Every structure is written in C-alpha cells, then in structure tokens.
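Coordinates in review
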Amino acid sequence: MKRQIPIMLAIIASVCPVIAFFFPDRWINEWFNQRLDAWMVIIASFALLLGIVSMIQVNIHKIRRRARGWGFSIIILVTFTLMAAFGLFGGQGERADGSLYPFTWMFQFVFSPLQATMFSLLAFYVASASYRAFRVRNVEATLLLIGALIIMVGRIPLGTLIHPLVPDIAEWVMKFPNTAAQRGIIIGAALGAASMSVRVMVGIERPYMGKS
Amino acid sequence: MSWADRLLFVDRRIIFLFVFVGALVPIIAPIGLGVTVSPPVQQVFDRIEEMQPGDAVMIAFDYGPSDGPELDPMANSILRHCHFRGVKVVGLSLFPLGGVDMAIARMRQLADELGAADGVGWVNLGYKDGAQAPMKAMGENIASVFPTDANGVPYEEIAMLEGLRNYNNFEMAISLATSILGEWWINLVNAQFGIDVAIGTTAVSAPKYYAYMEAKQTLGVIGGMKGASEYEELVERHYPQAKGLSRTATMGMDVQSIVHLVIIFFILFGNLMFIVTRGKKEAK
Amino acid sequence: MPGQRSRNAGVPGSRRGSLPGDPGWGTLLWRPLRLVALVYLALLGTGGLAGVWVPAAAQDAAAPVASEVFSPAPEGHIPPPELPLDFSVVDTPSDDGSSLTLRWDPDQVMQTLGVATIAALTFARRAVEETEFLPVGRARVRDGEFRDAGLESGVAYIYRIGLEDEDGLLRNTAASAPLVPQANFFRTHRTNALILVLLMFGLVVGFILAARKGIDLFIRRIAGLDAIAEAVGRATEMGRKILYIPGIISVNEPQTLASLGILGYVAKLTARYGTKLEVPNIDPLTMAAAREIVKQSYLEEGTPEAFNEDMIHYITQDQFAYAAAVNGIMVRDRPAAIFLLGWFAAESLLLSETGQSVGAIQIAGTAQVTQLPFFVAACDYTMLGEELFAASAYLSKDPLILGSIKGQDMVKAVILVAIVVGVIMVSAGVPGFADLFSAL
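It should be emphasised that the depicted structure is a prediction, and the values quoted were computed from it without experimental measurement.

Remarks on the interface of chain C and chain B
Facing 26 residues of chain C, the contacting portion of chain B comprises 25 residues. Run the count over chain C and chain B and you get five salt bridges. There are nine residue pairs in polar contact (both at pLDDT 80 or more) connecting chain C and chain B. Taken together, the elements giving at least two residues each to the side of chain C that touches chain B come down to β5 (134-140), β6 (145-148) and α11 (347-357) of chain C.

Things to note about the nonpolar core
Grouped together as the largest cluster of nonpolar side chains are 65 residues, with contacts concentrated most on Ile228, Ile262, Leu277 and Phe339 of chain C. Here this core gets nine residues from one element, more than from any other, and that element is helix α8 (residues 254-273) of chain C. Each of domain 2 (189-217 + 399-437) and domain 3 (223-389) of chain C contributes no fewer than three residues to this core. Of all hydrophobic cores here, the second largest spans 60 residues; its members include Val136 of chain A together with Ile249, Ala323 and Leu340 of chain C.

Section: a nonpolar patch on the surface
Residue and element names in this part refer to chain B. A surface patch of nonpolar side chains, about 850 Å² in accessible area, is lined by Ile14, Leu17, Phe18, Phe20, Val21, Leu24, Val25, Ile27 and Ile28. Summarising the element assignment, Ile28 is placed in helix α2 (residues 12-28). Since its relative accessible area comes to 65%, Ile28 is described here as exposed.

What about the sheet that holds strand β11 (residues 312-314) of chain C?
Residue and element names in this part refer to chain C. If you walk across this open sheet you meet the six strands as β11-β10-β9-β12-β13-β14, and the pairing is parallel. Strands at the two margins of the open sheet, each flanked by one partner only, are β11 and β14 (381-384). Sheet twist, expressed as the average angle between the axes of neighbouring strands with direction ignored, equals 15 degrees. Sheet analysis places strand β9 (residues 242-245) next to strand β10 (residues 277-281), joined by two bridges and oriented parallel. Within β10, the position partnered with Leu243 by the bridge is Glu278. On top of the sheet, helix α9 (residues 284-300) reaches β10 and β11; it is set at about 170 degrees to β11, its chief contact.

Section: the sheet that holds strand β8 (residues 170-172) of chain C
Within a sheet, neighbouring strands are paired by backbone hydrogen bonds and run either parallel or antiparallel to one another. Residue and element names in this part refer to chain C. One open sheet accounts for four strands, arranged β5-β4-β7-β8; its pairing is antiparallel. Each of the sheet's edge strands pairs with one partner strand only, and the pair in question is β5 and β8. Strand after strand, the sheet turns through a mean of 30 degrees between neighbouring axes, direction not considered. Pairing analysis gives six bridges linking strand β4 (residues 120-127) to β5, with the strands arranged antiparallel. Within the sheet, the bridge partner assigned to Thr122 lies in β5 and is Arg138.

Observations concerning the packing of helix α4 (residues 102-133) of chain A against α11 of chain C
When two helices pack together, you describe them by how their axes are tilted relative to each other and by the distance separating the axes. One way to put it is that α4 of chain A packs onto α11 of chain C with a least axis distance of 9 Å and a crossing angle of 50 degrees. Classified by the angle between their axes, α4 of chain A and α11 of chain C sit oblique to one another. Crossing geometry of α4 of chain A relative to α11 of chain C is assigned as left-handed. Two secondary-structure elements touch here, α4 of chain A through Met118, Leu121, Leu122, Tyr125, Val126, Ser128, Ala129 and Arg132 of chain A and α11 of chain C through Leu349, Leu350, Glu353, Thr354 and Gln356 of chain C. In terms of residue class, the contact of α4 of chain A with α11 of chain C is built from eight nonpolar, three polar and two charged.

Topic: the pairing of β6 of chain C
Each regular strand carries side chains that alternate between the two faces of the sheet. All names here are of chain C. Residues Phe146 and Asp148 of β6 are buried on one face, while the alternating residues Glu145 and Arg147, pointing to the opposite face, are not. Where strand β3 (residues 100-104) lies against β6, four bridges are found, and the strand directions are antiparallel. Counterpart to Thr101 in the pairing with β6 is Arg147.

Focus on the interface of chain A and chain C
On the side of chain C, 84 residues touch chain A, which itself brings 65 residues to the contact. At the surface where chain A touches chain C, the tally comes to one salt bridge. For Arg132 of chain A, the salt bridge is made with Glu353 of chain C, and the minimal N-O distance between the two is 2.9 Å. Counting only elements with at least two residues in the side of chain A that touches chain C, the list comes to α1 (4-22), α2 (26-65), α4 and α7 (166-201) of chain A. In terms of residues, the side of chain A that touches chain C owes the most to one element, α2 of chain A, which gives 17 residues. A per-class count over the side of chain A that touches chain C returns 44 nonpolar, 13 polar and eight charged.

Considering empty space enclosed by the protein
Counted under the stated rule, the structure contains six cavities of 30 Å³ or more. Quantified by volume, the largest cavity comes out at close to 120 Å³. Contributing to the lining of the largest cavity are 17 residues, with Thr178, Ser179 and Ser205 of chain B together with Ala345 and Ala346 of chain C lying nearest its centre. Each residue belonging to the lining of the largest cavity can be placed in one class, and the counts come to seven nonpolar, eight polar and two charged.

So, the pattern of salt bridges
Across all of its chains, the model carries 30 salt bridges over all chains by this definition. Close ionic contact of Arg106 of chain B with Asp72 of chain B constitutes a salt bridge, the shortest N to O distance being 3.2 Å. Of this pair, Arg106 of chain B sits in helix α5 (residues 99-114) while Asp72 of chain B sits in helix α4 (residues 68-85), and the two are 34 residues apart along the sequence. Asp72 of chain B matches Arg106 of chain B in its accessibility class, with the two residues each being buried. Between Glu232 of chain B and Arg247 of chain B there is a salt bridge; the shortest N-O distance is 3.9 Å. Here Glu232 of chain B, found in helix α10 (residues 224-238), pairs with Arg247 of chain B, found in the loop between α10 and α11 (248-283); they are 15 residues apart in sequence, far enough to count as distant. Here Glu232 of chain B falls in the buried class, since its relative accessible area comes to 5%. You can call Arg247 of chain B buried: its relative accessible area is 17%. One salt-bridge network, held together by shared partners, links Arg47, Glu50, Asp55, Glu171 and Asp196 of chain B together with Arg138, Arg140 and Arg142 of chain C.

Let's talk about the domain arrangement of chain A
For chain A, the domain assignment lists domain 1 (1-67) and domain 2 (134-191). Placing a centre on the C-alpha atoms of domain 1 of chain A and another on those of domain 2 of chain A gives a separation of 41 Å.

Here's the deal with the packing of α7 of chain A against α8 of chain C
For the pair α7 of chain A and α8 of chain C, the least separation of the axes is 10 Å and the interaxial angle reads 70 degrees. The angle between α7 of chain A and α8 of chain C falls in the class roughly perpendicular. When you trace α7 of chain A past α8 of chain C, the crossing you get is left-handed. Residue-level inspection shows Ala193, Met196, Ser197 and Val200 of chain A of α7 of chain A in contact with α8 of chain C, the latter providing Pro254, Leu257 and Ala258 of chain C. For the contact of α7 of chain A with α8 of chain C, the class distribution of residues is six nonpolar, one polar and no charged.

The rules behind each value
- Residues numbered from 1 in each chain as written.
- Chains lettered and ligands numbered in written order.
- Predicted model: local features only at pLDDT ≥ 70, side-chain atom pairs only at ≥ 80, totals over all residues.
- Heavy atoms only, no water.
- Contact = heavy atoms within 4.5 Å.
- Salt bridge = Lys/Arg side-chain N within 4 Å of Asp/Glu carboxyl O.
- Polar contact = N/O pair within 3.5 Å; in protein donor to acceptor, adjacent residues only side chain to side chain.
- Helix = DSSP H or I, 4+ residues; strand = E, 2+ residues; numbered from the N terminus.
- Core = buried A, V, L, I, M, F, W, Y, C linked by side-chain atoms within 4.5 Å.
- Buried < 20%, exposed > 50% of the residue type's maximum accessible area, 1.4 Å probe, protein only.
- Domains from an automatic or database assignment.
- Patch = residues over 30% accessible without salt bridge, like charges linked within 9 Å, V, L, I, M, F, W, Y side chains within 5 Å.
- Areas by Shrake-Rupley, 256 points an atom, 1.4 Å probe, with all protein chains shown as cover.
- Pairing = 2+ DSSP bridges.
- Axes fitted to C-alpha atoms, helices over the stretch in contact; angles between N-to-C directions.
- Parallel < 35°, antiparallel > 145°, perpendicular 65-115°, else oblique.
- Left-handed = near helix turned anticlockwise from the far one by under 90°.
- Nonpolar A, V, L, I, M, F, W, Y, C, P; charged D, E, K, R; others polar.
- 1 Å grid on protein atoms, 1.4 Å probe; cavity = no way out; pocket = protein on both sides within 12 Å on 5 of 7 lines; lining within 4 Å.
- Points joined across faces, edges and corners; volume = space filled by probe spheres on them.

Spelled out as structure tokens, the structure:
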C-alpha cells in the first residue's frame, strides 16, 4: 500500500488534466483540476519549510565543524533571520512620511543591486566563453563564428554604419536559421518530455518516489 | 610555451578588464549612436498604435530586479506609448521575486513624469502566486484572481476597470518576461483564449520567441536593450511630447556596442593566435 | 448544441434553437461514455471521488427544458432596433457550456454602417429573467466574432451590440433571441491533438509490450552519458567531490524528473566508489525527491551508512542567489566533476563558466534551447534536448523504458513525414491541408 497509493495518486493527477484538455467537462475541470492546482500551491508552500529547515541545519553543521567557508554560513543565518524578522514584524512598503520600512529598504538597496550584479556578470562570462569557444577548428565551427559575428554586429547601431543591410542580415539569421534549429530541438525535446510523461503516467518511471 | 600559446590561453581576468573598461567609457562619454527599428518591435508598436482611446492593454511585469536594466526601459516606453495613445493599462505580476515591485516602480515613474493618475490611466493589480493557475482563471474572471488592486481597493470599485472582466475585454496582453513565464503567456493565454500576446524579454531569451512569432503565436518580440531602444525611438518619432524623457536603453546601446566590439576583437584575436599556433605545430 | 444559432436580424421574435426533447448527438454519446469514465476512475481506485460525480441523468434533469428556454420574451422587453447591425448568437462549439459566441460579417457591417475595420463594438448581455444589460466586452469590427465566457449553464442569455457614432453617441442593436449555452462532450477542434496523443500513447505502449517480449531495441551512443563513469572515476581518483545541479525548476518539469533519474545512477556510482556527492537545490520539492533517490541508491549499493541528508540540501528559491551560492561552493571546494542537468535559465553560463575555471569535468544537459549554446561553450559534454529524456533508458537498459524511446522515435518519424508532405501540399496550393494541423 505504501507504494501503491503514491503511484495511484500520480496516475490520477497526470491523467485528469489530459482528459480535461479534450473533454470540456465542468466536474473534472472545476472539481478536480482546479483543486489539484490549489493543492500544488499549498504543498509547495509547506515544502518551503522543509527547505528552510535543511538550509538552517546544513549551515549550523558547517559552523560546528568549522568547515571551509563557515564564516559565510554565519552571514546566511544572520541575514536570513533579519529579513524574516523585517518581513514578519517590520512592515512593508512606504511609511506615511515617505520613508521605507526595513524590509523594502533592504529589497531595494541590497537585494536589487545584488541581483543586477549577478545578471550583469553574464557579459563578462559571455566574453571569456566566446573567446574560448569560437575557434575556426573546422567548417562547422567557422560557420558558427560567422553567424555569431553577424548577430553581434547586426544587433548594435554600428552595424548600420558598416552597411545598412547588416541589421537585415542579422534579422534574417534570427528568423530563419535560428528558428529552424530551435524548432528542431523543440520538437525533439517536446516528444522526449511527452514520452517521459507517458512513462511516469503508466508508472514505469517513478523518480518522484525515489525510484529512477 | 610560446608567446602565441600564452596569448591563446590568456587569463580570463584580462578579458574581464577589457569588458569593464568597454562598459565604463561610454557611460562617462556617451557616443549617441543611431537606432534602427526591427520588424518584431515595429509590430508591437503598430498594434498599440492602431488602438483607440479607451481600449485596454494588460501588462504583466514578470521579471525581477536582475532583469531590470533590460526590461525597465521597455516597460517605461510601452507605458508612455499607452498613455499618449489614451489606452488603459492594467498591470499585474506573476513573478514572485520582485515582479510587483517592478510594476510599482514603473507605474510610479509614469505618474511622476507624465502625470498619469492611478485608477485613471492605469491600475496595478499586484502579484498573484501560481503563474499558470491565475493565467487560466483570468480567462473567465480577472476579479476572481485579483479581488483588489495593489492598494487594496476592490476591483469592482475601480471605475477604470468597469467592463474589463476577462481577456475578451483587452486588446492585447504584453508579458515583460524572464524565466518560462513568457512561454506560458503564449502557450496558455494566446492559445486557449485567443488574445494577442506580445513578449518583451532579455536579449538572451529573445531568440526562442522567434519560433513563436513565425508561428503567429506572438505578434512581436522586444528583445533586450536593443529592442527597448527601438521602442524608445518609435515612441519619440511618433509623439513629440516624448522628447526630453529619459532614454536609458538608447544610452545603454552605447555600452552594448562597445562591449560587442571588445568581444569581437577577442574572438578575432583568439582565432589569429589559434591559426598561428596551429601553423607552428604543423610546421614542426 | 454545436452549430445551433439564434440569429437576430433586427426582427424581434425570430427564434431558432434546440428542439424540445432533442438531446443531441453529443448528449447521447456523453451518457454512456461518462459511465465508462466513471468505471475507469473507480477501477483506478477513486471510488470515493467517483461517488461525488453527479450522474449525467441528474444533471440533465436539473437543466431547464428547451421549451422553457426559448419561450418568447415578454412584449416591451426588447427595445426597438436602433443600430442596423446584423449579428448572430451561437452556442460556442466544443466548450463546457459556459460561453456563447456572437458573430457578424465585418464586410457587411463596414458597408452598411460605413465604419472602419478597427471600429470598436461593445457587447452587453442579460439573463432572460434580468432587466438590466451588463457590459461584457469589446471587439473590433474586423474580428468577426466575440466569445462571452463565464456563463452559467442552464440560463438563457440575450445580447445586444453597441457602437459609438461620430458624435460619440452609443447606439445599440436590437436584443438577440435568448439562447442557453450547451455543454459539449468533446472539443472537436482538438481532434488532431487527440489523434497525435493516441498515436504517441499507442506506439509507446506498443513498443513497451514488444520490449517485454524480448525484442532487441537499439539506442545510439550518447557521449555525455558515457562520460558519467569517467567523471565519477576522476573525482574518486582526485579525492574531490561531485557537484550535481538538477536545474532550477520543481518536479512538475519533465526535465527535472529526467535529471533525478540520472542522479540515481550517479549516486549509485558515488556509493560504490565512496566518492563525495553534493546536490544543492533551488526547489524544496526537488530536494525532497533527490534525497529519496540518493538514499535509495546508497541502500541498493549496500552503503546506507555513507548516506547523509546534508549531501542534498536546499539553498534558496532565488535564481541568482542560488547561482552565487553554488559558485561559492565550486570556488571553495573545487569539485572534480560537475553535473548540470535539467531546466536552466540565465544562470547556466554563470555556473558552467565558474565550473570551467576551477578545472572540473562538466557534463551538462537541458532542453532549453537558449541555454544550450552556453553549455556547449563551457562544458565538456552537453546533452541536447531529447538526449536528456533518453538518459534513464540509456543508463538502465530497462527494456520497458527503451521501448518508450522507440515509440517516441516513431512519432517523430510520423511528424517528419507530415512536415515534408505538408510543405509539398501547401507549396502546391492544396487547400485545407494546413488546417488539419491548425493551432488548438
């Protein structure tokens, strides 16, 4: 029973949305599917508690063991506690006098710049990865290099200065070769995902319960 | 190791330094390069342009602070365009980490620079968790998903929202999206409810939306800072009152241009060293 | 009933609709099929749930009879026709009985009223027993139709269309005849998708059954999966850990499920060779599933004492904070092998480039087309799209799973043939062929 109930639940939960897609039945849609959606949100919210407990445990163990980088674990635990306290007890948004509550202040002036910084690192990493990857090793790699150069020049105003047709060529590369390759991969991946889903639906593959 | 080998395996920090300087110089000394408008952006602009005063557009702020530098400028331009056109904007967010803050900041900016009042030209409905579930539910009744706006005012009491019951009442939906949310707007909202969907996204994500655009599942794509600068250009071309307003994406294109050139330089330089070292190896 | 119309040509009292006592083919089919579905669900072990299902007969009895629905509205309820716009109200086909569709001929409207193609029409509706019309939406003249959703089943509705004239004055049409939205059994416009689903299901199950009978099924070599043992071996020799990153989306994503399947295999190898394994997670549900998988693998390898729950831990749900934390682990612990398998977004290059900088052997795999170039540039092996989903079959050599991969390949072949035939037919100008594959 310990194995059969989860498998049965998984089968029902995966089959009902498929039925609802083809058969416009209010009972399946409203009573079952919408309920499943709601359950998913509730379960995910409670699973977050599981995650938080794991995060606290792992970092406490690190501090106790004086593992490499244990100082960072102290920072994690302190900032986690502070933000949780600000969020739960300190209010959010603006005060009447226009000043910000601590949670919002931290969000705007600490979290947001850190996020933007992490994303902007991509520019640096793209540069170093391109330097390594784009080499004229063979014909295919050379074509790849030419395609990359066209897009990089065509996507900046300088492309127009070089020749008015450069942006159009870049747009053509995006519209046709890019789209063709994307579609090929998307169709294959979608079929792979569908096949994987069928395996999960019929219970052949059960990664959700520790059985790969 | 020969000098060519050494240059071929140049320390990545040297590349980082060049990129940093390349990004810094245009910020200190702007170049002011021109903007060429591409069809995917023009299509989005034209769709709003053909709307009548009083029509409504739904804008989903499905991004967080990390994507702000690319998506904030396009949000500003679209909001300005809607304001000049007299089109009502209903903003919302389905992205958990900061989406609602992005919506608040952009709409506040619209109010500050053009005097567009909350509840008259625009309404911010706030954030809803679950992404796909609210997308589907809004096809029936938006008020069931957002019973109040972000300020807690009940949906039914906001005069601007009168008659805006579900997607049927909107001319189009625009998702300023990161992650998988843009694809869900296309696959769920456009496919199931038929409303026109346009996507504004980061430059990295833009290529995947071309396949949807070619299949007519999205009517246009505004990709990254380049797309945002094009939209800024279009708004300024068509609406003289937009002159003098900030054009952060157009300014950012100077940075992007120089950094692209730095990367192109390194790619060509790397290949030159690669050919030199290969030639030497073959000679040996 | 699909196709039943209540056409208003500005003539009050003109009525067309379901005939009293005619249940329609959809209802006739629906009753026995619903019973079959009920039995099916009961067989699946949902007897308790099935008990809640309102039987079709009971629902039908509760619905108003057609004669009630289409009785003429009392005199004086329909205002005199003001806007000479000819439109019809029809039951929306293939829906659950919660919408009606209004249709008009754009060319005719433009000619008769002399308005532009983008002129906005407004729609108002009321239930038969109500007196006030409620605005329900807007559409362009060129749209040709408007679907009014969210209606109650069994209630008859009346519509009118409004259009502002040049002076800004709103003129309304005469009210339409009342019509009750009908629930349909099947979404006919999704027939093509159903055929594809049945084909897929049939072929996959067919090949699974064939595999059960012992038919030898070939699967081509996937370099990225072959390299897993090499990567684990390298980490074992170097005495360093293995970092396994299962993407950034929860277990509702098939790519995450596929990644968890590979994690089970990797965990078996690390359990066998005593190699350290760390699985940092962005999603708590994925973390819970990953823990079970790794625990099971260590049990199967007979080394449960080597399993420690801290090996699989949660970091944060924020994409870039997660990337920063994992990069920190990479730089501090310098893992010998890094697996990046699952659904990735912008953090893909942040992770893989850092992994490259610490000299780790990196095996990546995703179906996210925009991230594949980054992985190809920064990783040693990259599994493209469907290769990730084929991993469990490839690694386990389980004939049942191999059969499903074979079935999937056959569907792909069918799609390829359809594309080629479609290109030829459309290029040759054969009408209607493309519609067979229209969006759903």
